[in-house]
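A closer look at the structure
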Amino acid sequence: MKEKVKLSSKIWPIYYGLSDDLMFWAAINTLFLTRVKHLDAGQINLIMSLSVIVCFFVSFLINKIIGKIGALKSIKIGNILLLVASFLFTFLKSFNGILFGFIVYQIAFLFKSMDHIIIRKNLKYLGREDEFFNYVSKGTFVYSFITMGIALISGFIFNLNNYLPMYIAIFCAFINVILMNFLTCDDDLEESPTHKVKINKMIIFVLIFYGFIYSSIEIAQTNTKLIMQFNMEEFLNNNKTVLYFSFILFLSRVFRVIGNLLFLKIFKLLKNKMSIILNVSLLISLLLILLGDLYRHGFVGIILVALGFVILLLLRDPTQNYSKTLLLNNSLEKHHKKLSMYFFLARKLVNFTFNLIVSLILFKLDLKYAIIFLIIIVTFTLYISFSITKMVGEKSS
């Protein structure tokens, strides 16, 4: 068993890096949905909101299923559903069809939320539990490194054939279905009963912090890509827009790789203040995006928006990794499975609420007002960040 667990632990960062999202989808989703599926910004945000609320309502059933089948089988189901979602995104054309694809996509990640449980249990089995943050960072580094390359070529591939990136996404999802069979975990994980979770103040604040900050990053990322795309289309032809757009995506992925390495160092030096660092950095990013959209004079505005966008990608993985580490370090092991589900749902519920508000905003106003809304939210979250820093400091002293 020990050798299997060792092998699984070595494979886990590679598996996680390849399955953290649909390859190519994140790079071209707004282009694909607007140009190929002919959806507008309001429809895209509405689809995301509706898929999240459906996911939230079925989460109670899925939680029971996960409790019965265990973490390992759960992530296998999740990867199969991601493969199904890639087919749906590619071949369905109607609004309802794309919505169904997003629902399957969201449910897939409910099952895949057990990814971190497996590596944490395996590390504990090997007596290396304190390396959890390092392993998770390795996984997100692999993902960010691969998507950096994808961002570089996605624009060229999309120009060759609008569907070609999605065909590659289907192939990558199929590879993940094969790769997940090499994972294993400590048998205790699969036999452990579910426990009623006692929610303390730290857990509540971490879930709020993660839900607000990560959802703001996700929504800002989607809408900032639309801002850049629409602003460039005002003075560039279609092919140049796609090429410049893909270059900015590539640059953002470079920053995502840097972010995984940079925040690993920062975590070791200033882990008690990580929540404040992440929060303030996100606020700066959103202000740059807003300023760039307001100053729409050729490439100056685009550069400001792009700078804010790359900072978003810099913060994305460290926010998730730090929040998950903080949550599991401040809770009992027997509660980890349920807390991982709550962790995922907190983000999705906040994401739904924010997306719904943004959708309503976009029915009457333009994209900069969506960014202003996020600035207000992130400013409010500073109170949560300072409170977390204070609690972490009290615990470590």
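This report concerns the structure included in the present document.

1. What about the overall build of the protein chain?
Of regular secondary structure, the protein chain possesses 14 helices and zero strands. The N-to-C order of helical and strand elements in the protein chain reads α-α-α-α-α-α-α-α-α-α-α-α-α-α. Against the globule reference of 21 Å for 397 residues, the protein chain gives a C-alpha radius of gyration of 20 Å, in line with a compact fold. C-alpha extents for the protein chain along the principal axes are approximately 60 × 45 × 35 Å. A total of 397 residues make up the protein chain; the buried ones form 61% of that total. For the protein chain, the proportion of contacts with a sequence separation of at least 24, taken over those separated by at least 6, is 86%.

2. A closer look at the packing of helix 6 (residues 132–160) against helix 12 (residues 299–329)
Where helix 6 contacts helix 12, the axes come no closer than 10 Å and their chain directions differ by 155°. Taken together, the axes of helix 6 and helix 12 are roughly antiparallel relative to one another. The interaxial crossing formed by helix 6 with helix 12 has right-handed handedness. Seen from helix 6, the contacting residues are F132, F133, V136, S137, T140 and S144; seen from helix 12, they are D317, N321, Y322, K324, T325 and L328. Grouping the amino acids of the contact of helix 6 with helix 12 by side-chain chemistry returns five nonpolar, five polar and two charged.

3. Notes on the nonpolar core
Residues Y15, W25, F102, Y105, L286, Y322 and I388 are the most contacted members of the largest nonpolar core, which totals 140 residues. If one sorts the elements of this core by residue count, helix 9 (residues 201–233) sits on top with 17 residues. Among all residues touching W25, those that are not within four sequence positions of it are F32, L33, F89, F102, Y105 and M166.

4. A word on the pattern of salt bridges
Enumeration according to the criterion identifies four salt bridges in this entry. With a shortest N-O distance of 2.8 Å, D366 and K368 are connected by a salt bridge. Residue classification places D366 among the partly exposed residues on the basis of a relative accessible area of 33%. If you follow the salt bridges from partner to partner, you end up with E218, R316 and R347 in one network.

5. Description of the environment of L236
Within the secondary structure layout, L236 lies in the loop between helix 9 and helix 10 (238–270). Accessibility expressed as a relative area gives 16% for L236, which makes it buried. Residues L236 and F132, spaced 104 residues apart in sequence, show a C-alpha to C-alpha distance of 46 Å.

6. So, the packing of aromatic side chains
Taken as a whole and assessed by the stated rule, the structure comprises 19 aromatic pairs. Look at Y163 and Y167: their rings are 6.3 Å apart centre to centre, the planes differ by 25°, and that puts the pair in the stacked class. What makes Y167 partly exposed here is its relative accessible area of 39%. With 3.8 Å between their ring centres and 10° between their planes, Y210 and F343 make a pair best called stacked. Of the two residues, Y210 sits in helix 9 while F343 sits in helix 13 (residues 336–364), which places them 133 residues apart along the sequence. Summarising the burial analysis for this pair, Y210 and F343 share the class buried. In textbook terms, an aromatic cluster arises when at least three aromatic residues are bridged by ring pairs, as seen for W25, F32, F87, F89, F91, F102, Y105, F109, Y163 and Y167.

7. Some words on the environment of L290
The residue L290 is located in helix 11 (residues 274–294) in this model. Sequence spacing of L290 and G308 is 18 residues, and the spatial spacing of their C-alpha atoms is 8.7 Å. Apart from the residues lying within four places of it in its own chain, the contact partners of L290 are K368, I371, I372 and I375.

8. Let's talk about helix 2 (residues 25–36)
In this model helix 2 runs just 13 Å from its N-terminal to its C-terminal C-alpha over twelve residues, more than 12% under the 16 Å that 1.5 Å per residue would give. The element helix 2 is extensively covered by neighbouring structure, given that eleven of its twelve residues are classed as buried. Turning to helix 2, its buried residues are W25, A26, A27, I28, N29, T30, L31, F32, L33, T34 and V36. In this fold, the buried residues of helix 2 make contact with helix 3 (41–91), helix 4 (95–112), helix 6, helix 7 (164–179), helix 9 and helix 10. Just downstream of helix 2 lies H38, where phi reads positive at about 60°.

9. Here's the deal with the side chain of N355
Relative to the helices and strands, N355 is located in helix 13. With near-sequence residues (within four places) excluded, N355 lies in contact with N45, M48, S49 and I219.

10. Here's the deal with a nonpolar patch on the surface
A cluster of nonpolar residues, F87, F91, L160, L164 and Y167, forms a patch on the protein surface that exposes about 520 Å² of accessible area. If you list the elements that add at least two residues to the nonpolar patch, you get helix 3 and helix 7.

Criteria and cut-off values
Residues numbered from 1 in each chain as written. Predicted model: local features only at pLDDT ≥ 70, side-chain atom pairs only at ≥ 80, totals over all residues. Heavy atoms only, no water. Helix = DSSP H or I, 4+ residues; strand = E, 2+ residues; numbered from the N terminus. Rg over C-alpha atoms; globule rule 2.2 N^0.38 Å. Buried < 20%, exposed > 50% of the residue type's maximum accessible area, 1.4 Å probe, protein only. Contact = heavy atoms within 4.5 Å. Axes fitted to C-alpha atoms, helices over the stretch in contact; angles between N-to-C directions. Parallel < 35°, antiparallel > 145°, perpendicular 65-115°, else oblique. Left-handed = near helix turned anticlockwise from the far one by under 90°. Nonpolar A, V, L, I, M, F, W, Y, C, P; charged D, E, K, R; others polar. Core = buried A, V, L, I, M, F, W, Y, C linked by side-chain atoms within 4.5 Å. Salt bridge = Lys/Arg side-chain N within 4 Å of Asp/Glu carboxyl O. Phe/Tyr/Trp six-rings, centres within 6.5 Å; stacked < 30°, edge-to-face > 60°. Expected span 1.5 Å × (residues − 1). Patch = residues over 30% accessible without salt bridge, like charges linked within 9 Å, V, L, I, M, F, W, Y side chains within 5 Å. Areas by Shrake-Rupley, 256 points an atom, 1.4 Å probe, with all protein chains shown as cover.

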